[in-house]
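Inside the fold
One letter stands for each residue in the lines below.
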Amino acid sequence: IHHLMTVLLGVVIHAFSVFSAVSLAVVDPNAMSKNQMIQQQLDDLVLKLKVYTVYDQNGQIQLIRHGRAGDGGYFVPRIAFEKADVLLGYGIADDISFEETFSTLYQKPSYGFDCGVPSIPATNKLCTFVSECIANDSNLYAQQKSSGKFSTFPDQLKKIQAESKKLFIKMDIESAEYVAFEGIKSYFSNITGIVLEIHFAHDNQIFLANALLESLLKDFYLVHVHANNCSLDVFQTKYSKGNIPRVLELTFINKNLVTHAVLSTNQRYPLLGDMENCPTFPPTKFEILQ
C-alpha cells in the first residue's frame, strides 16, 4: 500500500507539473505582449526591403539622383521618368526641386501638391504647385496651416486631365501615405515609378507598412532604399545588421518596364551617392542580410 501511495503521489505530482507547464504555455502567448508580435512584423517588413537590379532590352536600368542635395533628392530609374507623361509630387513644404527637375529635363508637366503651403514659386512653367493635399490634411507639420483643400487621387487626375496618362509619383506626406494609396492602387498599371517616404514610427503603422509594401511589390520592383537619418527611432531584426530607422525612402519601378530582375548583390546602406537628410547627423548604416 505504501508503495502504491508513493506511485500515485508521483503520478499526481507529474500530472500537476505537466498541467502547470501547459498552462504556462497557454498563458505566455496571450501575455506575449505585443512586443513579440511587433518584432515579427518588423522582421517581415525587412524581408520586403531587399532591392533588385533591373534590366530592360538595353541592359541594366540606371538610377539617377534628382532634386536638391540632401533632403528632397531621390534616386530614380531613368526609364521611369522617360516613360512618364506627368509627375505628381505629394508633400512639398519648401522644396519643389524634384518636380521642377522632371519638367526641366524632360519638358513634361509636373504638379506639386501640399495643402500646408499657400504657394511656392516654380521657375519652370511646366511645373505647377497646387495648395491641396491628397486624401486628408491630418498629417501636416505643426507650424503649417491647412488650406482646407484635399481630394482623392482619381479626382486630382480628372482635374489635370491625366486619367489615361503614364504617371510618376513622389510622396512624402508624413504617414498619410496609407490612406492616400488606397485611392492609387487601381492605377498601378499606369504608374511607371514611385518614390515613397514610408513612416512607421507608431507600432500600429508597422502593420500598415507591411500591407502597403506587399501590395506595391506585386506590380513594382524595389530598386533603391535610403534611410532618413533625421529619424532617431530605430530597430533591429534577425534579418539585418545595424540600426534601421522607422522612416525610409523607397524607389520602385513598374515591372512592365523590366525584362528581368535579380536581387542586388549589395544590400548595405548608405550607397555611394546617397546624401543625408540631416547633414549634421551621422549617416544611418545597416545591411539587409541575403
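What counts, and where the lines are drawn
- Residues numbered from 1 in each chain as written.
- Predicted model: local features only at pLDDT ≥ 70, side-chain atom pairs only at ≥ 80, totals over all residues.
- Heavy atoms only, no water.
- Buried < 20%, exposed > 50% of the residue type's maximum accessible area, 1.4 Å probe, protein only.
- Helix = DSSP H or I, 4+ residues; strand = E, 2+ residues; numbered from the N terminus.
- Contact = heavy atoms within 4.5 Å.
- Salt bridge = Lys/Arg side-chain N within 4 Å of Asp/Glu carboxyl O.
- Disulfide = S-S within 2.5 Å.
- Axes fitted to C-alpha atoms, helices over the stretch in contact; angles between N-to-C directions.
- Parallel < 35°, antiparallel > 145°, perpendicular 65-115°, else oblique.
- Left-handed = near helix turned anticlockwise from the far one by under 90°.
- Nonpolar A, V, L, I, M, F, W, Y, C, P; charged D, E, K, R; others polar.
- Pairing = 2+ DSSP bridges.
- Right-handed = clockwise from strand over helix to strand, strands pointing away.

1. As for helix 7 (residues 203–219)
- Inspection of helix 7 places Q205, I206, A209, N210, L212, L213, S215 and L216 among the buried residues, and these make up the whole buried set.
- Of the surrounding secondary structure, the elements contacted by the buried residues of helix 7 are helix 2 (34–47), helix 6 (177–180), strand 11 (191–199), strand 12 (220–227) and strand 16 (247–254).

2. Overview of the pattern of salt bridges
- The tally for this structure, following the rule as stated, stands at 8 salt bridges.
- Note that D94 is salt-bridged to R68, the shortest N-O span being 3.9 Å. Of this pair, D94 sits in the loop between strand 5 (86–90) and helix 4 (97–106) while R68 sits in the loop between strand 3 (63–66) and strand 4 (74–77), and the two are 26 residues apart along the sequence.
- Overall, D94 belongs to the exposed group, its relative accessible area being 58%.
- Residue class for R68 comes out partly exposed when judged on its relative accessible area of 33%.
- For R68, the salt bridge identified is with D95, shortest N-O distance 3.3 Å. Taken as a pair, R68 in the loop between strand 3 and strand 4 and D95 in the loop between strand 5 and helix 4 lie far apart in primary sequence, 27 residues in all.
- Three or more residues joined by partner-sharing salt bridges are found here, namely R68, D94 and D95.

3. Considering the state of the cysteines
- Per the counting criterion, the structure on display carries 2 disulfides.
- Note on cysteine connectivity: C115 is disulfide-linked to C133, with sulfurs 2.1 Å apart. Its S-S torsion of about -85 degrees marks the bond between C115 and C133 as left-handed, since a negative value means left-handed. With C115 in the loop between strand 6 (110–113) and strand 7 (127–130) and C133 in strand 8 (residues 133–134), this pair connects stretches of sequence that are 18 residues apart.

4. Quick look at the packing of helix 2 against helix 7
- Running from N to C, helix 2 and helix 7 cross one another at 30 degrees; their axes reach a closest spacing of 10 Å. One way to sum up the angle between helix 2 and helix 7 is to call them roughly parallel. Helix 7 is crossed by helix 2, and the crossing has left-handed handedness. On helix 7, the residues touching K34, M37, I38, Q41, L42, D44 and L45 of helix 2 are D203, I206, F207, A209, N210 and L213.
- In terms of residue class, the contact of helix 2 with helix 7 is made up of 8 nonpolar, 2 polar and 3 charged.

5. What to know about the pairing of strand 6
- Residues S110 and G112 line one face of strand 6 and the alternating positions Y111 and F113 line the opposite face, and both faces are buried.
- As defined by bridge partners, strand 5 adjoins strand 6 across 4 bridges and the pair is classed as parallel. Of the residues in strand 6, the one forming a bridge with L88 is Y111.
- Remark: the strand 5/helix 4/strand 6 crossover connection has right-handed handedness.
- As defined by bridge partners, strand 6 adjoins strand 7 across 4 bridges and the pair is classed as parallel. Paired with S110 across the strands is C127, a residue of strand 7.

6. Quick word on the sheet that holds strand 1 (residues 52–56)
- Read from one edge to the other, the open sheet built from 3 strands follows the order 2-1-17, with strand pairing classed as antiparallel. The open sheet has two edge strands, strand 2 (59–60) and strand 17 (260–263), and neither has a second partner.
- Bridge count for strand 1 against strand 2 is 2 bridges, and the pairing is antiparallel. Looking across to strand 2, one finds that D56 is bridged to G59.

7. A closer look at unusual backbone geometry
- With omega at 5 degrees, the peptide bond leading from Y269 into P270 counts as cis.
- Looking at where P270 falls in the secondary structure, it is placed in the loop between strand 18 (268–269) and strand 19 (286–288).
- One non-glycine residue, A93, lies in the positive phi region at around 55 degrees.
- Looking at the secondary structure, you find A93 in the loop between strand 5 and helix 4.
- Its identity as a non-glycine residue notwithstanding, E174 has a phi of 55 degrees, on the positive side.
- Locating E174 in the fold gives a position in the loop between strand 10 (167–171) and helix 6.
- The exposure class of E174 is partly exposed, given its relative accessible area of 22%.

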